[in-house]
Amino acid sequence: MGASKPNGSHTSESARGLLGVELRKWEDDFRFLRECFQKSLKSIGEDQLARLVECAFSYSQNAAEPLPQRGSQALSMAFQLLNMAEENTANQVRRMREIAEGPASEPGTWPYQLQRLREASFSDFEILGALPRIHVQPVLTAHPTEAKRPAVLERHREIYLMLVERENPTRTPLEQNALRRRLESAIERLWRTGEILLERPDVESEIGNTLHYISNVFPGVIQAVSERFRESWEWAFPGTPAPDGPRLTFGSWVGGDRDGHPFVTKAMTRLALESLRERALSVLRDRLHRLAGALSLSGTMRGGESWRRFVEMMRDRIPQYRRPEDLQRDLQELADSLREIGAGAVAEAEIEPVQRLVACYGFHGAALDIRQNSAMYSMAVEQLLSVGQAESCAPYSRCSEERKRELLDRELDSPRPFAVASAALPAEAAETVGVLRLIRDWTERHGFGGVGPLIVSMTHAPSDLLNVYLLAREAGLVRHTAEGLACEMPLVPLFETIEDLGNCGPVMAGFLAHPMTARTLRHLQARESRPRPLQEAMIGYSDSNKDGGILASHWYLRRAQIQLARAARDAGVELRIFHGRGGTIGRGAGPTHIFLESLPPGTLQGEVRVTEQGEVIAQKYANRLTAATHLERLLAGVTRWTLTQERRHEPAIGLDENSFEPVANASREVYRDLIESEGFVEFFSQATPVDAIESSHIGSRPARRTGQRTFEDLRAIPWVFSWSQSRFNLPGWYGVGSAFQRMRQGEPRAWSALAKSARTWPFLSYLLHNIEFSVAAADPVLMAEYSGLVENESLRERVLAAILAEYERTRQVLDELLGPDRERRRPRMLKAIAIRKSALDRLHREQISLLRSWRAGGDDQALEALLVTVNAIAGGLKATG
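As the structure is a computational prediction, the values presented were derived from the model and not from experiment. (Residues numbered from 1 in each chain as written. Predicted model: local features only at pLDDT ≥ 70, side-chain atom pairs only at ≥ 80, totals over all residues. Heavy atoms only, no water.)

**With respect to the overall build of the protein chain**
Looking only at helices and strands, the protein chain features 36 helices and 13 strands. Whereas a compact globule of 881 residues would reach a radius of gyration of roughly 29 Å, the protein chain reaches 28 Å, a difference of no more than 12%. In terms of principal-axis extent, the alpha carbons of the protein chain reach across some 80 × 75 × 60 Å. Of all 881 residues assigned to the protein chain, the portion counted as buried reaches 60%. Carbon and sulfur atoms form 50% of the exposed surface of the protein chain, whose accessible area is close to 33,900 Å². (Helix = DSSP H or I, 4+ residues; strand = E, 2+ residues; numbered from the N terminus. Rg over C-alpha atoms; globule rule 2.2 N^0.38 Å. Buried < 20%, exposed > 50% of the residue type's maximum accessible area, 1.4 Å probe, protein only. Areas by Shrake-Rupley, 256 points an atom, 1.4 Å probe, with all protein chains shown as cover.)

Right, here's the structure in full:
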């Protein structure tokens, strides 16, 4: 079901009418696709499954009836078709709304945000001045949350395009019949495409999936986003030529993220860099080939088809261009020559799209980040100190922060490495220094555009970052400046736990105050021609939620952004925050434009990066129109909120914001009391399908960081995925009810102020609506049935009682804060839940039965049947981890 946006309680008659159209169209489209599926099943002799597909979505269906053989797969496909119908409906209704109510009627889009800027008295001149500062970079990751095979995603695209084709009102009955036959054939091929990955995908295949988007999706989306900005600008500012829009680029972690991933080796990182560059150049060659075909012009001043020949020469010279700027210069010369003869419209339509693609892609497509855990960097430094026989406390990893800083300060004043380049190093040091040497060699040949920053996950102290400078010195990835050594790569701390988020301000201040950091930032500023030094910081939504629950997570993420902005401001540098959000509410998901509005004032300074993880990549980007809309909202939102930072003051809420911290801490306390209670890990292991998820083949990364079967070692993704599958949705709401009830009872005046601000304070409104969705999508009946898998009766009853009691408390406080009129406020959300309920109930009960038999000694065939239910439920909920 995914995260749905909150609906305002006051809507126009037109909006209510469109809502009715949307809900009817959604059902009609799904009924049509379901009928096509049923016919396909009957044609291959699967009459029983056809009846299941026909009846399973009936509200009166008997959910306790066992599923027939392959029933789970049939329902899984039905959910896939339902999700296509839902996506198509959303896209078509957006168009209807714009026609009926005007371009600015759809929240978050360019017309909407430009109109809000005009209403706030921003002139076109002021907006023009800000646009060059805006830079948005979605970063694709390969977390193990994609439960569908790539071949399945290809069939989805094919079916979706035919569903869009069906929208054409001028199609004749014969054409509609022919389209239906093609749809039935495509659905049959999807049915015959196995859902379960028989082998765990390797890193190379995950790199290939990223390359698919670089080659086949993003070029067209970039063009659509650019066209949408131009048309929106000219609508908002008639008579003013549209400028270049904000900068959009892409990043990737696939092949560079080695945190707890033993298969991301130096060789895999080299492969990722080479593949991204090769694919980007291939895309550019293809676009230049098309451009040459479009410029078959002749001119009296230049002879026959000279423009086409010039483009063909550019295409052939692609391997010889040293930098993307060289290609851009030739493209500009081509455009200028066309404008000289009065063919400016041709230059705009044909050449500018290629220029925008080069500006976005460069010669690398997506910049590859290099991520590693701070503990691994510390171990590598410890080994280097041993090799170099440097003075140190023993061992280095156990030294105090003060002692580490003394050693690091001394060493970073010297250009001397610990070992000669040919010296054999211990394993961790060899791999870490080897990757940095690879980056050094790559950037010397191809420049720095294709490599993202060095991200240090689990950053606890400044030394965790300074360690990387020492390793960069060892790898030769430093530059001698007049002031001393400077690193050639930016370092990015990743703050993930509640404790680290709470302490990030002093850590960042200490890091920025270090001379090596100051020199590095000035060096990077000069290299990138920036007006001011830039420091990036990443904050983790997933691990902070797993660590402290949703309320504490969001509060400390907010406070962290404020702290980081203050530290950057005090150091005289700009700040770019990298938001590590996942695809479910328990991992930071939520509507993009509302998320941006909820950020604390002063923390969005023009540049932002966001992760796009797992199944979210397909949900957001597989469809061109959906991808363009998502990126439009991201770019437009960042532009608006960057411009309004200085003027923006959050509404007076009658509440001291700091008084919210005790609520967050109370929520964390209740959450930790549960997960640290005796036997809780046993309850979780048996009441959810976490063991099946860990046995699945949905990603190359291990589900646990070190292989230990502890709560701390389990990654946030299978943690959230497992609770979602068993319909607890615990990471999305647990601890909320108790914390707010304590506030209501202990501080009634503060509670009254909080209740009044629930819909007006953007931070709180966004958070509460996300929690409301998690609660609505949870199911106490199914919680109890999954809990029946727990063998220890007293443990089962104790933990389930605590969960159900907190669930009821959370429901009650949500009704008090948001109002009980959920049917009026969230009709789409409730419709999404209702339309899926009957079929999901049958799948959940099938999964419970299969878990029992598999755990009792089932074989690989039993596991495969179980994993089909995992896929089916994930599709029905539109959420994995």
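**So, helix H18 (residues 504-513)**
Counting buried positions along H18 gives seven out of 10 residues, so the element sits mostly inside the fold. For H18, the set of buried residues is Cys-504, Gly-505, Val-507, Met-508, Gly-510, Phe-511 and Leu-512. Against helix H16 (462-475), strand S10 (491-495), helix H17 (498-502), helix H19 (515-527), strand S11 (534-540) and helix H21 (550-571) lie the buried residues of H18. (Contact = heavy atoms within 4.5 Å.)

**Examining the pairing of S11**
When you tally the buried positions in S11, you get seven out of seven residues, the bulk of the element. Burial of the side chains of S11 extends over both faces: Leu-534, Glu-536, Met-538 and Gly-540 are buried on one face and Gln-535, Ala-537 and Ile-539 on the other. Judged from the two bridges that link them, S10 and S11 form a sheet pairing that is parallel. The residue of S11 that forms the bridge with Phe-495 is Ile-539. Bridge analysis of S11 against strand S12 (residues 574-580) gives seven bridges, and the strand direction is parallel. Opposite Met-538, over in S12, you have Phe-578 as the bridge partner. (Pairing = 2+ DSSP bridges.)

**Digging into the packing of helix H20 (residues 541-548) against helix H25 (residues 660-675)**
Two elements in contact, H20 and H25, have axes separated by 7 Å at closest approach and are oriented at 75°. Judged by the angle between their axes, H20 and H25 are roughly perpendicular. Residues Asn-545, Lys-546, Asp-547 and Gly-548 of H20 pack against Arg-668, Tyr-671, Arg-672 and Ile-675 of H25. For the contact of H20 with H25, the class distribution of residues is two nonpolar, two polar and four charged. (Axes fitted to C-alpha atoms, helices over the stretch in contact; angles between N-to-C directions. Parallel < 35°, antiparallel > 145°, perpendicular 65-115°, else oblique. Nonpolar A, V, L, I, M, F, W, Y, C, P; charged D, E, K, R; others polar.)

**Things to note about the pairing of strand S8 (residues 478-481)**
In the case of a regular strand, side chains alternate between the two sheet surfaces. As defined by bridge partners, S8 adjoins strand S9 (residues 484-487) across four bridges and the pair is classed as antiparallel. Within S9, the residue paired with His-480 across the bridge is Leu-485. In sequence, S8 turns back onto S9 through a hairpin of two residues.

**Points about unusual backbone geometry**
In this structure, Arg-70 is a non-glycine residue whose phi angle is positive, near 70°. In this structure, Arg-70 sits in the loop between helix H2 (47-55) and helix H3 (71-101). Given a relative accessible area of 37%, Arg-70 falls into the partly exposed group. Non-glycine residue Met-458 carries a positive phi angle of around 50°. Relative to the assigned elements, Met-458 resides in the loop between strand S7 (451-457) and H16.

**Describing the pattern of salt bridges**
Counted under the stated rule, the structure contains 65 salt bridges. One salt bridge in this structure joins Glu-167 and Lys-25, with 2.6 Å as the shortest N-O distance. Taken together, the positions of Glu-167 in the loop between helix H6 (150-165) and helix H7 (173-191) and Lys-25 in helix H1 (residues 13-43) put the pair 142 residues apart, joining distant regions of the chain. A residue is classified by how much of its surface remains accessible, and Glu-167, at 28% relative accessible area, is partly exposed. Two residues, Arg-258 and Glu-431, come together in a salt bridge whose shortest N-O distance is 3.8 Å. Here Arg-258, found in the loop between strand S3 (251-252) and helix H9 (266-294), pairs with Glu-431, found in helix H15 (residues 427-446); they are 173 residues apart in sequence, far enough to count as distant. A relative accessible area of 32% places Glu-431 in the partly exposed class. Here the residues in one salt-bridge network are Asp-369, Glu-528, Arg-530, Glu-536, Arg-576, Glu-607 and Arg-609, joined through shared partners. (Salt bridge = Lys/Arg side-chain N within 4 Å of Asp/Glu carboxyl O.)

**Some remarks on the confidence of the model for the protein chain**
A residue-level look at the protein chain finds 91% of positions with pLDDT of 70 or above and a mean pLDDT of 90. Segment residues 4-11 is flagged for pLDDT under 50; beyond a separation of four residues in sequence, or across chains, it makes 21 contacts in the model. (pLDDT = per-residue confidence, 0-100.)

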